[in-house]
Structures are given as structure tokens and as C-alpha cells.
Amino acid sequence: MTGSNSSGTASYRRLDVARRRAQLIRAALGLFAHRAPEDVSLDDVAVAAEVSRPLVYRYFPGGKTQLYEAALGSAVAELTQCFAVPEEGPLTRRLAGALDRYLAFVDEHDAGFSALLRSGSVVATSRTGAIVDEVRRSAAGHILAHLRVPEPGVRLRMAVRTWITAVEGASLTWLDEGKQPAVEELRDWLVDHFVALLLATAARDAQTARVAAAALALEPADGAVASLARRTVALLTEAEHLLPAP
């Protein structure tokens, strides 16, 4: 018993500053994942990390706000990688892979994700807002890279940022609705949403039209875009007055 305590204390003291901070951040992330930040105390973090409350303050003298920002920064590092999928194959397949990773994060960190994007947490600061916007900018950068557009115009940038906002909004609604529909259905709908938004923008912008044409050329005849096209045509046949005369 004594030997075990001595060993635990020795291990406890051997952690360097970086490893101790990482341990506390991991503990905080585990709590923030399923509870709103305002419902988590430093005592909760200390218990989860199996350390004393003074030790938490030693590494985060700014209290819970500083710890929350550090935990959020760690989560952002993971989120920003969601859209960093290999730039090969059809665009819709790449988007689906990125959304699988993004929605898995939302599912795992439901309460924290909801509190973060709604800016409802009592520990939210201008810094946390900047951290969240970093995810949006990074996601937009990855998508534009997938579209192979080094210098996007305002309309294309707007379309991409609009879609990212839609993904966030849909994710929050999905959580509100008890994670319904099934996550695969949500993913496929969001991919359809991107294609529709890209085409709507292409109809009014020459650069987006070129980008859309290049992306569509890589799509298979039995893929997501083909399925969307067939469903869309079926709907339009119900409104024949909108179609050109044969």
C-alpha cells in the first residue's frame, strides 16, 4: 500500500510542465465534451485529472477561463484537421470523408460543441470567438484547396463560407433533434447542399462555373452528384412550365 502510494507520488512529480498541462487539458476536454463549460468547475477538473485544485491553478492561474481557452484550442486543432483529407478522387467523396470526421467530433463533444457555437457559455470571451473563427477560416481554406482555386473571387469565397455556416447550423439542429436523422443521412444531405450551392453560384459567376465544371468532370455516373441530378430532374418535371420547350 505504502509502496504503491510512493510510486504514484513519484510518477506524479516526474511530469514536466508540458505533460502536466496536456493532462489537465485532456481532463477538461473530457468534461466539456458532455457538459456546458459553465457547469464544470476547477474542482471537477482536478478530480478528473486526479490532482489537487491548487495544482490546476498553478498551471492555469487565470482560472477556468484560461483552462477553457486552452482546452478549446486543443479541440480546434482536431477540428481544423477534419477537412484535411487527401486531394484525390471526386470532390463529393472528399467532402463526405471530411464531414464524417467533423460530425464524429460533434457527436463526441455534443454539449461543448453546442455551448461553443451558441456563444452561450459564461466563460466565452473574445478569444474563444477568435478560436472558433479560426476553424471556419481553416475549413474554407481546405475546401478551396480541394477546388484547386489559389485565388478565389468574392462569390466563390462567399459560397464556401456560407456552406460552412450551414454545416454548423445543421450540426446544432441535429443535436437539438436528438441526433436525428441518422448521421449518414445528414452527411449526404450536406454534400448535396454544397453541390447545389456551388451550381447556384456558378450560374452567376464565371470563375465558379469553371471550378464547378472541373469538379463535375471527376464525378462518377453512379455517384452523389448523379443521384442529386436525377432527383432534381424528377422534381422539375413536375413544373414543366419552368423548363425550355423541346
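As the structure is a prediction and not an experimental result, all values here were calculated from the model. (Residues numbered from 1 in each chain as written. Predicted model: local features only at pLDDT ≥ 70, side-chain atom pairs only at ≥ 80, totals over all residues. Heavy atoms only, no water.)

What follows covers helix H5 (residues 64-79). With 16 residues, H5 should reach 22 Å at 1.5 Å per residue; the first-to-last C-alpha distance of 22 Å fits that figure. Residues of H5 that are buried include every one of Lys 64, Leu 67, Tyr 68, Ala 70, Ala 71, Leu 72, Ala 75, Val 76 and Leu 79, and no others. (Helix = DSSP H or I, 4+ residues; strand = E, 2+ residues; numbered from the N terminus. Expected span 1.5 Å × (residues − 1). Buried < 20%, exposed > 50% of the residue type's maximum accessible area, 1.4 Å probe, protein only.)

Running from N to C, helix H6 (residues 91-108) and helix H10 (residues 183-202) cross one another at 135 degrees; their axes reach a closest spacing of 9 Å. Looking at the two axes, H6 sits oblique to H10. Here H6 and H10 pass one another in a crossing that is right-handed. On H10, the residues touching Leu 91, Thr 92, Leu 95, Ala 96, Leu 99, Asp 100 and Leu 103 of H6 are Val 183, Leu 186, Arg 187, Leu 190, Val 191, Phe 194 and Val 195. For the contact of H6 with H10, the class distribution of residues is 11 nonpolar, one polar and two charged. (Axes fitted to C-alpha atoms, helices over the stretch in contact; angles between N-to-C directions. Parallel < 35°, antiparallel > 145°, perpendicular 65-115°, else oblique. Left-handed = near helix turned anticlockwise from the far one by under 90°. Contact = heavy atoms within 4.5 Å. Nonpolar A, V, L, I, M, F, W, Y, C, P; charged D, E, K, R; others polar.)

Turning our attention to a nonpolar patch on the surface. On the surface, Leu 236, Leu 242 and Leu 243 cluster together to form a nonpolar patch covering roughly 260 Å² of accessible area. Mapping Leu 242 onto the fold places it in the segment after helix H12 (224-236). Residue Leu 242 is classed as exposed on the basis of its relative accessible area of 58%. (Patch = residues over 30% accessible without salt bridge, like charges linked within 9 Å, V, L, I, M, F, W, Y side chains within 5 Å. Areas by Shrake-Rupley, 256 points an atom, 1.4 Å probe, with all protein chains shown as cover. Salt bridge = Lys/Arg side-chain N within 4 Å of Asp/Glu carboxyl O.)

Attention now moves to unusual backbone geometry. Here the bond from Gln 180 into Pro 181 is cis, since omega is 5 degrees, no more than 30 degrees from zero. Residue placement: Pro 181 occurs in the loop between helix H9 (154-176) and H10. The backbone of Arg 148 shows a phi angle near 60 degrees, a positive value even though the residue is not glycine. You can see Arg 148 is positioned in the loop between helix H8 (126-146) and H9. At Lys 179, a residue that is not glycine, the phi angle is positive and equals roughly 60 degrees. Within the secondary structure, Lys 179 sits in the loop between H9 and H10. Taking relative accessible area as the criterion, Lys 179 reaches 26% and is therefore assigned partly exposed.

Within the secondary structure, Leu 72 is located in helix H5. Through-space distance from the C-alpha of Leu 72 to that of Val 132 is 8.5 Å; in sequence the pair is 60 residues apart.

Let's shift gears to the nonpolar core. If you look at the biggest cluster of nonpolar residues, it comprises 66 residues, and the most contacted ones within it are Phe 83, Tyr 102, Ile 143, Leu 147, Trp 163 and Phe 194. Considering each element in turn, this core owes the most residues, 10 residues, to H9. Here Trp 163 is in contact with Phe 83, Leu 95, Leu 99, Ile 143, Leu 190, His 193, Phe 194 and Leu 197, once residues within four sequence places are set aside. (Core = buried A, V, L, I, M, F, W, Y, C linked by side-chain atoms within 4.5 Å.)

Following the criterion strictly, the structure yields three aromatic pairs and no others. Measuring from centroid to centroid gives 6.4 Å for Phe 83 and Trp 163, while their planes differ by 80 degrees, and the two rings are edge-to-face. Here the residue Phe 83 occupies a position in the loop between H5 and H6, and Trp 163 occupies one in helix H9, the gap between them amounting to 80 residues. No difference in accessibility class separates Phe 83 from Trp 163, as the two residues are buried. (Phe/Tyr/Trp six-rings, centres within 6.5 Å; stacked < 30°, edge-to-face > 60°.)

Between side chains of opposite charge, pairing is possible as soon as their charged atoms come close. On inspection of all chains with the given rule, the structure shows nine salt bridges. With its nearest N and O atoms 2.4 Å apart, the salt bridge here joins Asp 107 to Lys 179. With Asp 107 in helix H6 and Lys 179 in the loop between H9 and H10, this residue pair connects regions lying 72 residues apart in the sequence. For Asp 133, the salt bridge identified is with Arg 137, shortest N-O distance 2.6 Å. Residue Asp 133 and its partner Arg 137 are both found in helix H8; the two are separated by four residues, about one turn of the helix. Through salt bridges with shared partners, a single network forms among Asp 100, Arg 187 and Asp 188.

Right, let's get into the side chain of Ser 171. With respect to the helices and strands, the residue Ser 171 is situated in helix H9. A relative accessible area of 0% means that Ser 171 is categorised as buried. There is a polar contact of 2.7 Å between the side chain of Ser 171 and the backbone oxygen of Val 167. (Polar contact = N/O pair within 3.5 Å; in protein donor to acceptor, adjacent residues only side chain to side chain.)

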